[in-house]
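As a plain string of letters, each chain reads:
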Amino acid sequence: MPTITVDGVQYEVEEGRTILQALDDLGLLMNGVDVPHYCWHPKLSIDGSCRLCQVEVEGMPKLQIACDTRVSDGMVIHTTTDRVKSAREGVMELLLVNHPLDCPICDQAGECKLQDYAYEYGALQARTVEPRRALKKKVDLGPTIVFDQERCILCRRCTRFCSEIPATGELGIFARGDHSVIETFPGMELDNPYSMNVADICPVGALTTKDFRFKIRVWFLEDVPGICTGCSNGCNIFLGVANNKVQRYVPRRNDSVNDTWICDAGRMSYQEIDSPSRVKASLVRGEDGVLEARPYAAAVEAAAARLRRLVESKGPGVIAGVASAHLTNEDLAVLKRFLEALPTESAGLPVPRGEADALLVKEEKAANAAGARALGFEDAAPLVERIRGGGVDGIVMLGHDLLDPAYLGGIEALQKLDTVIWIDTHQSDLRHVAHVVLPGRHAAEKRGTLTNHAGRVQHLQPAVEPTFEAHAEGETLERIGRALGLTGFGGDPAAGSPTASSRK
Amino acid sequence: MVISEDTRAAIDSECAKYPQKRGGLLPAMHLVQKQLGHIAPETAVELAEIFDIRPVEVMEVLTFYNMFFSAPRGRHNVYVCTNLPCALRGSRTLLAQIESHLGIAAGETTEDGRISLGHEECLGACAYAPMLRVDETYHENLDLEKANQILDGLE
C-alpha cells in the first residue's frame with residue numbers, strides 16, 4: 001500500500017485511488033483535510049471540470065486536481081499553501097462570474113457549497129462590469145425537479161448521475177462555452193424512480209425538488225438520523241425536522257446500504273408521518289356496536305377485558321397474534337413474549353410485497369420483515385387458513401397488512417371473530433371489525449432497531465412526537481399484558497421498556 | 001426512418017475507421033446533414049440508435065457545434081467572415097449591406113427559403129479578404145456588387 005503525506009501527516013492508502021478518493025476512504029475529506037470540490041462525487045465517475053480541488057504535489061510543477069490525480073508511494077501533498085488558496089480563489093471568481101447571487105430567494109441557501117466556498121475563498125467584490133448571463137429561472141424538468149439555469153455551475157453531477165445510477169440518461173449539456181445549459185432531450189422529461197437525488201447532489205441551488213421547494217429554510221431543520229421504512233433495504237436517511245414535523249427525507253451516506261441515494265418513493269414516504277389517515281384516537285366498540293373514543297388507559301383495559309373473557313371461556317389457544325413487518329425488533333419481541341405468556345402458538349407475519357429494482361428498491365415493502373422472521377414469526381399464510389377455517393376467535397393485530405390481497409384480501413373473514421384488538425399507525429378497513437383500536441407510532445416517532453434484508457440491524461431514534469396520544473406498539477402490548485396479569489408483564493411499561501417512546 | 005440507405009452505408013464505412021464506433025458520430029452527423037439539410041430531434045434519435053448511445057448525447061454534440069443545425073435552413077447557407085483581417089477590409093459593412101439587400105438579419109432565412117445568412121469566424125482566406133462562403137464554396141475579394149451578384153445567382 002502506498003504511503004502519502006498530506007499536510008505533513010502520513011497515511012497509508014489504497015493503490016490506484018485518486019487523492020480525493022484516498023482522502024474519502026480515510027474519512028478525512030472535508031473532515032480534517034479540506035479540499036473543496038464541486039464536480040467530484042464519491043459515487044459518480046470523475047469529471048475534472050470544476051477545477052476547485054487543486055492541490056500542490058511536490059515534484060509536480062503545476063497544481064494538480066485532487067479528484068483525478070492518482071496517489072503514488074511517497075507522494076507529498078499540500079492543501080493549504082498560498083498557491084492552493086489563490087488557485088481556489090481564482091476558480092471561485094470564475095464560477096461566480098455568471099452566478100446570479102440570488103441567495104435570499106434561493107432554496108439552497110444554508111446548504112449551498114457555492115455559498116460556503118464563496119464565503120471562504122470568494123472575493124468580496126466582483127471585478128466584472130459586464131452583465132451576467134440571463135437565462136431561464138424556472139425550467140420544469142419533469143414531475144419532481146425544477147431547474148434554475150442561471151444558478152447552474154455546469155459541474156455535470158446531475159448528467160452523470162442520470163446516465164450512471166438509474167442509467168436513464170435524461171440530462172445533457174447543450175450548446176458550448178458560456179451558452180452551455182443543462183437540458184433534457186426535446187420533449188422528454190427527467191422522470192425516473194431516483195430523479196430527486198439530483199437535487200441532493202447539485203452543489204448549488206440549480207436543481208430543487210418540487211416537494212421541498214420554498215417549504216422551509218434549511219437552517220430551521222434539525223437533521224435526525226433515521227431509516228427509510230419504504231422497503232426492506234433500510235436506506236439511511238436524515239429526517240429534516242422543524243416545528244415537530246418531518247419536512248423532508250434526504251439520503252444519509254452508508255456505503256454498505258444505499259451509498260448516497262434514496263428512491264423517490266422512499267423520499268416521499270415522509271408524508272405518511274403527518275398524514276390525515278393516521279390512527280389518532282383510542283377507540284372502543286360499545287354495546288351499540290359503534291366505535292367510541294376513550295382515554296388510552298381505558299382502551300387498554302377494554303382490550304385486556306375482552307381477551308380475559310375469551311381466555312376464560314375458550315382458552316388462550318384461540319387467540320392469534322399478527323406481527324407487522326413495519327415494527328421494530330423491540331416491539332415485535334414484546335409481541336412474541338405476549339403470545340408466549342398467554343400462551344398461544346397462533347401467530348403470523350404478513351409482508352406486503354411489490355416491485356423491486358436492481359439498485360435499492362426491494363420486493364418486501366416493509367422495513368423489518370427480516371427482523372420479524374429472525375424473532376420466529378413465520379409467514380401469515382397458514383394463519384389465514386386457520387382464520388378462514390374458524391380456528392381463531394380472537395386476534396391481536398399489529399398493522400393492517402393481513403388485509404393485503406396476498407393474505408385475507410379483506411375484512412370478511414374477521415367479521416365473525418369474537419375479539420379484534422387492532423394497534424396501528426394508519427387507517428384501514430379494520431376499523432369496521434375492530435373492537436378496540438389503539439394508535440401506534442411511526443418509525444419516525446420511536447426508538448428501536450430495524451433489520452434490513454441483508455440482516456443489518458439499524459437504529460431508530462424519535463425525530464418527532466405525535467400530536468395525539470400514541471405509544472409504541474410494544475409499550476401498548478406491555479400495558480395490555482400487565483392488565484391481563486401475564487407472567488413477565490409486571491413492570492412499568494413506559495419507564496423500563498426498551499420501546500419507551502418519548503423523545504427526551 | 002429519414003436517414004437514407006446511401007447515407008447509412010456511408011456512416012457504416014466511416015465508423016469502420018474508428019476504434020470505438022461512437023468515434024464516427026461527427027462524420028455521421030455531417031453525412032446526415034448533407035442529406036437532410038439539418039438534424040431534427042427525430043433524426044437524432046435515429047442516429048443514437050445507430051451508435052447505441054442516448055439521444056441526448058447526440059443533441060449534446062449537435063448543439064455544441066455551430067455548423068450543425070437542428071431546425072430546417074434555407075437552400076443555401078451564406079456566411080460572411082467577420083474576423084479581423086476581413087473586418088479590416090470592410091466585411092462588417094459588407095455584411096450589413098447584404099442584410100439590407102436580402103431583407104434579413106444575420107441568423108435569419110429569406111422568406112422564399114432560398115438563403116440562410118450568417119457571419120463566421122476565420123475561414124483561412126485572409127489574403128483574399130473580404131470573403132464569404134456559400135455552402136462549401138469560397139467567394140473572395142468581394143465588394144457589394146460582386147456579393148449581390150453571387151447571391152442573386154443562387155437558386
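**Q** Hey, could you run me through the overall build of chain B in this one?
**A** Of regular secondary structure, chain B possesses seven helices and four strands. Based on the C-alpha atoms only, the size of chain B along its principal axes is roughly 50 × 35 × 25 Å. For chain B, the residues scored as buried account for 27% of the 155 residues in total. Nonlocal contacts in chain B, meaning residues at least 24 apart in sequence, comprise 56% of its contacts between residues at least 6 apart.

**Q** I would appreciate a short explanation of the overall build of chain A in the present structure.
**A** Across its full length, chain A carries twelve helices and 22 strands. Principal axes of the C-alpha set define a box for chain A whose edges measure 90 × 50 × 35 Å. Counting all 504 residues of chain A, 47% fall into the buried class. The long-range share in chain A, meaning contacts at least 24 apart out of those at least 6 apart in sequence, stands at 65%.

**Q** Would you take a moment to explain the sheet that holds strand E12 (residues 236-242) of chain A for this structure?
**A** Strand pairing in a sheet is mediated by backbone hydrogen bonds. Such pairs are either parallel or antiparallel. All names here are of chain A. Sheet architecture is open: three strands sit in the order E11-E12-E13, paired in antiparallel fashion. At either margin of the open sheet sits one strand with a lone partner, and together these are strand E11 (222-227) and strand E13 (245-251). Put simply, the sheet's adjacent strands are angled 35 degrees from each other on average, direction ignored. As paired elements, E11 and E12 share six bridges and run antiparallel to each other. The residue of E12 that forms the bridge with Asp223 is Gly240.

**Q** Can you walk me through the interface of chain B and chain A in this structure?
**A** Quite often, the size of an interface is put as the accessible area lost when its parts meet. The partner chain A presents eleven residues to the nine residues of chain B that form the contact. In terms of residue count, helix H4 (residues 55-64) of chain B provides more of the side of chain B that touches chain A than any other element does, seven residues in total. Residue classes in the side of chain B that touches chain A are distributed as five nonpolar, one polar and three charged.

**Q** What should I look at first to understand the domain arrangement of chain B in this one?
**A** Along its sequence, chain B is organised into domain 1 (5-64) and domain 2 (76-152). A separation of 29 Å is found between the C-alpha centroids of domain 1 of chain B and domain 2 of chain B.

**Q** Looking at this structure, I do not really get helix H7 (residues 296-314) of chain A. What am I missing?
**A** In an α-helix, one full turn covers 3.6 residues, which means residues spaced three or four apart are oriented alike. Residues and elements named next belong to chain A. Taking 1.5 Å of rise per residue, 19 residues should cover 27 Å, and H7 covers 27 Å from first to last C-alpha, within 8% of that figure. For H7, the full list of buried residues reads Ala299, Val300, Ala302, Ala303, Ala304 and Leu307. Just downstream of H7 lies Gly315, where phi reads positive at about 90 degrees.

**Q** Help me out: how do you make sense of the packing of helix H3 (residues 41-51) of chain B against H4(B) in this one?
**A** When two helices pack together, their arrangement is given by the angle between their axes and by how far apart the axes lie. Residues and elements named next belong to chain B. Viewed as axis vectors pointing N to C, H3 and H4 meet at an angle of 115 degrees, and their least axial separation amounts to 8 Å. What the angle tells us is that H3 and H4 run roughly perpendicular. By crossing handedness, the relation of H3 to H4 is classed as right-handed. Taken together, the residues of H4 that come into contact with H3 (itself represented by Ala44, Val45, Leu47 and Ala48) are Pro55, Glu57, Val58, Met59 and Leu62.

**Q** Could you clarify how one ought to interpret the domain arrangement of chain A in this entry?
**A** Taken domain by domain, chain A comprises domain 1 (3-94) and domain 2 (283-496). Put simply, the middle of domain 1 of chain A and the middle of domain 2 of chain A, counted by C-alpha atoms, are 53 Å apart.

**Q** What am I meant to see in the sheet that holds strand E2 (residues 115-120) of chain B here?
**A** Residue and element names in this part refer to chain B. Reading across the sheet, the four strands line up as E2-E1-E3-E4 and stay open at both edges, with mixed pairing between neighbours. Unpaired on one side and paired on the other, E2 and strand E4 (137-139) mark the two borders of the sheet. On average, each strand axis in the sheet is tilted by 25 degrees relative to the strand beside it, whichever way the strands run.

**Q** Could you clarify how one ought to interpret the environment of Arg132(A) in this entry?
**A** Along the chain, Arg132(A) turns up in the loop between helix H3 (113-121) and strand E6 (139-140). The spatial distance from the C-alpha of Arg132(A) to the C-alpha of Asn98(A) is 4.9 Å, given a sequence separation of 34 residues.

**Q** Could you clarify how one ought to interpret the environment of Thr487(A) in this entry?
**A** Residues and elements named next belong to chain A. Following the sequence through the fold, Thr487 ends up in the loop between helix H11 (473-484) and helix H12 (493-496). We classify Thr487 as exposed; it has 11 C-beta atoms within 10 Å. Each C-alpha atom of the pair Thr487 and Val204 lies 59 Å from the other, and the pair is 283 residues apart in sequence.

**Q** What is the right way to look at the packing of helix H2 (residues 25-36) of chain B against H3(B) in this model?
**A** All names here are of chain B. Put simply, H2 and H3 touch, their axes get as near as 11 Å, and they point 140 degrees apart. Note on packing geometry: the crossing formed by H2 with H3 is right-handed. In this structure, H2 contributes Leu25, Ala28, Met29, Val32 and Leu36 to the contact, and H3 contributes Thr43, Leu47 and Phe51.

**Q** Is there a simple way to think about the confidence of the model for chain B in this case?
**A** Predicted coordinates in areas of low pLDDT are best not read in detail. Looking at chain B as a whole, the pLDDT averages 94, with 100% of positions reaching at least 70. In the predicted complex, the global pTM is 0.91; the interface-specific ipTM is 0.86.

**Q** Just checking my understanding: could you explain H2(B) for this structure?
**A** All names here are of chain B. Taking 1.5 Å per residue, twelve residues should reach 16 Å; H2 reaches 16 Å between its end C-alpha atoms and fits that length. Those residues of H2 that fall on the buried side of the exposure criterion are Leu25, Ala28, Met29, Leu31 and Val32. Burial along H2 is one-sided: seen end-on, the buried residues are contained in an arc of 160 degrees. On the buried face of H2, the contacting elements are helix H1 (5-15), H3 and H4. Following H2 by one or two positions, Gly37 has its phi on the positive side, about 85 degrees.

Cut-offs applied
- Residues numbered from 1 in each chain as written.
- Chains lettered and ligands numbered in written order.
- Predicted model: local features only at pLDDT ≥ 70, side-chain atom pairs only at ≥ 80, totals over all residues.
- Helix = DSSP H or I, 4+ residues; strand = E, 2+ residues; numbered from the N terminus.
- Buried ≥ 20, exposed ≤ 12 C-beta atoms within 10 Å, placed from the backbone.
- Contact = placed C-beta atoms within 7 Å.
- Pairing = 2+ DSSP bridges.
- Axes fitted to C-alpha atoms, helices over the stretch in contact; angles between N-to-C directions.
- Nonpolar A, V, L, I, M, F, W, Y, C, P; charged D, E, K, R; others polar.
- Domains from an automatic or database assignment.
- Expected span 1.5 Å × (residues − 1).
- Parallel < 35°, antiparallel > 145°, perpendicular 65-115°, else oblique.
- Left-handed = near helix turned anticlockwise from the far one by under 90°.
- pLDDT = per-residue confidence, 0-100.
- Arc of directions from axis to C-beta.

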